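Understanding the architecture of this molecule
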Amino acid sequence: MNLDLAYRSLVLKVAHSPQVEALIRRRARGLVRRYVAGESLEEALRAAERLEGEGVHAILDLLGEMVADEAQARAFQEGILELVRALGEKPWPRYVSLKLTQLGLDLSEGLALSLLRGILAEAEPRGVFVRIDMEDSPRVEATLRVYKALRAEGFEGVGIVLQSYLYRTEKDLLDLLPLRPNLRLVKGAYREPKEVAFQDKRLIDAQLLHLTKLALHEGLYVAVATHDPRMIGEVKRHAEALGIPKDRFEFQLLYGVRPEEQRRLAREGYTVRAYVPYGTHWYPYLSRRIAERPENLFLVLRSLLGG
Ligand code: FDA
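The name recorded for the protein chain in an unreviewed UniProt entry is proline dehydrogenase, from Thermus oshimai JL-2. Quoted verbatim from the Catalytic activity (unreviewed entry) heading of the UniProt record, the comment on the protein chain is "L-proline + a quinone = (S)-1-pyrroline-5-carboxylate + a quinol + H(+)". The annotation that UniProt attaches to the protein chain under Pathway (unreviewed entry) is "Amino-acid degradation; L-proline degradation into L-glutamate; L-glutamate from L-proline: step 1/2."

Structural data, given as structure tokens:
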């Protein structure tokens, strides 16, 4: 395993400790503010409005995952519906992301499917696009099944995510082709064993580029979600060389990460969306951001030592 992956794996493991969580919840406020738009829907909508002013569109995400019971899953559905209804009033592109474990996938696939169906039934008439985030590898199969089931029911305004670190992903992409999916392609943010995922960052990067080219070549609409300047440059060059117009793909980045690059890409005429998370359940999201970037761990350690 190389150093990047070893670091990420360690952070995600340590982050599970309740003591570490309690400490970070108390002391990492600065980092939370950087990555999370706020705890309320109003704060998230204000952040989205600011981004719109800069030419960057927002993907709103009510933070939550791995619920413990059905009541919690239903409460998250209610929160997402509130978001969908609020977005329906806005003049900007309307877009939300959610996680199936937030809607009870681990309790029952049928529950997650029916709660998501309820969300799509309200989102589609309001022109709100719904992206199903992809979670860790044991949940990929069920997530794809739910997505396919909803597409078979006729829902169009729903998209899926594929992760380049998984060996299975190219086959998943090819299997999805007949559905003409709206894809988000990412490297992958979870701790995955070598039995299912590439461990070498160079291979994960190369695979992201390969999958992006494949999806574009197949005529899919692709959201390339990365902060990696090399990857962004390669995608731009590839699209230009093949005459693929700018309305066939877009770049997605996280709120608070490389904001100047987000604005620059928008000025260059690319569609850019920032993933804007909000809510009180920010801890797992923040852990993944710390795992992606060692500098974030130093910020946490500094705030812990700072008293
Ligand atoms: P990489 O990690 O190689 O970083 C490249 C450079 O980007 C770094 O050198 C640094 O400069 C900058 N950078 C990266 N992460 C940073 C951070 N946290 N803070 C500051 N700078 C950072 N994953 C998943 O498994 N399922 C999903 O559904 C999604 N969805 C998703 C949506 C969107 C909009 C984005 C941007 C990302 C995701 N991801 C995701 C996360 C993704 O899998 C991946 O973990 C992160 O994007 C980090 O990888 P990069 O491609 O940015 O490159």
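Turning our eyes to something else, we now look at the overall build of the protein chain. On a plain count of helices and strands, the protein chain comes out with 13 helices and eight strands. Across its three principal directions, the C-alpha atoms of the protein chain cover 55 × 45 × 40 Å. Here the protein chain holds 307 residues, and 39% of them are scored as buried. Across the protein chain, contacts joining residues at least 24 apart in sequence account for 72% of those joining residues at least 6 apart.

Okay, the nonpolar core next. Counting residues in each nonpolar core, the largest one holds 79 residues, and the members touching the most others are Leu60, Val96, Leu103, Leu185, Val222, Ala274 and Val276. Residue-level mapping places this core at the junction of two domains, with at least three residues from each of domain 1 (1-36 + 282-307) and domain 2 (39-279). For Val276, the residues in contact, after removing those within four places along its chain, are Ala37, Ala44, Ala47, Ala48, Ala58, Ile59, Leu60, Asp61 and Tyr255.

By the assigned domains, the protein chain splits into domain 1 (1-36 + 282-307) and domain 2 (39-279). Taken together, the contact pairs 16 residues of domain 1 with 13 residues of domain 2. For the side of domain 1 that touches domain 2, the secondary structure elements donating two or more residues are helix 1 (3-14), helix 3 (29-35) and helix 12 (283-292). Among the elements that take part in the side of domain 1 that touches domain 2, helix 1 stands out by supplying six residues, more than any other. Among the residues forming the side of domain 1 that touches domain 2, the class breakdown is eight nonpolar, two polar and six charged.

Position of Leu10 among the secondary structure elements: in helix 1. Using a count of 13 C-beta atoms within 10 Å as the deciding quantity, one classes Leu10 as partly exposed. Residues Leu10 and Ile290, spaced 280 residues apart in sequence, show a C-alpha to C-alpha distance of 11 Å.

So, on to the pairing of strand 7 (residues 249-254). Most of strand 7 sits out of view: five of its six residues are buried. Note on the crossover from strand 6 (residues 222-225) through helix 10 (residues 229-242) to strand 7: the handedness is right-handed. Strand direction decides the pairing type here: strand 7 and strand 8 (residues 271-278), joined by five bridges, are parallel. Residue pairing across strands places Leu254 opposite Tyr275, the latter belonging to strand 8. Remark: the strand 7/helix 11 (residues 259-267)/strand 8 crossover connection has right-handed handedness.

Right, let's talk about unusual backbone geometry for a bit. One non-glycine residue, Met66, lies in positive phi territory at about 50°. Along the polypeptide, Met66 turns up in the loop between strand 1 (57-62) and helix 5 (70-88). Not every positive phi belongs to a glycine, and Arg258 is a case in point at roughly 50°.

In this section: the site of the ligand. Around the ligand there are 21 residues in total, and Asp133, Val186, Ala189, Thr226 and His227 lie nearest to it. Tallying contributions element by element places strand 7 first for the shell around the ligand, with three residues. For the shell around the ligand, a count of residues per class yields 10 nonpolar, five polar and six charged. Residues lining the shell around the ligand come from more than one domain, with at least three contributed by each of domain 1 (1-36 + 282-307) and domain 2 (39-279).

All right, on to the environment of Arg273 then. Here Arg273 lies in strand 8. Judged by local crowding, Arg273 falls into the buried class, with 23 C-beta atoms found within 10 Å. Residues Arg273 and Tyr255, 18 residues apart in the sequence, show an inter-C-alpha distance of 9.0 Å. The contacts of Arg273, once residues within four sequence positions are left out, are Val56, His57, Ala58, Ile59, Tyr95, Glu250 and Gln252.

The rules behind each value
- Residues numbered from 1 in each chain as written.
- Predicted model: local features only at pLDDT ≥ 70, side-chain atom pairs only at ≥ 80, totals over all residues.
- UniProt positions renumbered as here; feature names shortened; annotations may be inferred.
- Helix = DSSP H or I, 4+ residues; strand = E, 2+ residues; numbered from the N terminus.
- Buried ≥ 20, exposed ≤ 12 C-beta atoms within 10 Å, placed from the backbone.
- Contact = placed C-beta atoms within 7 Å.
- Core = buried A, V, L, I, M, F, W, Y, C linked by C-beta atoms within 7 Å.
- Domains from an automatic or database assignment.
- Nonpolar A, V, L, I, M, F, W, Y, C, P; charged D, E, K, R; others polar.
- Right-handed = clockwise from strand over helix to strand, strands pointing away.
- Pairing = 2+ DSSP bridges.
- Near = placed C-beta within 6 Å.

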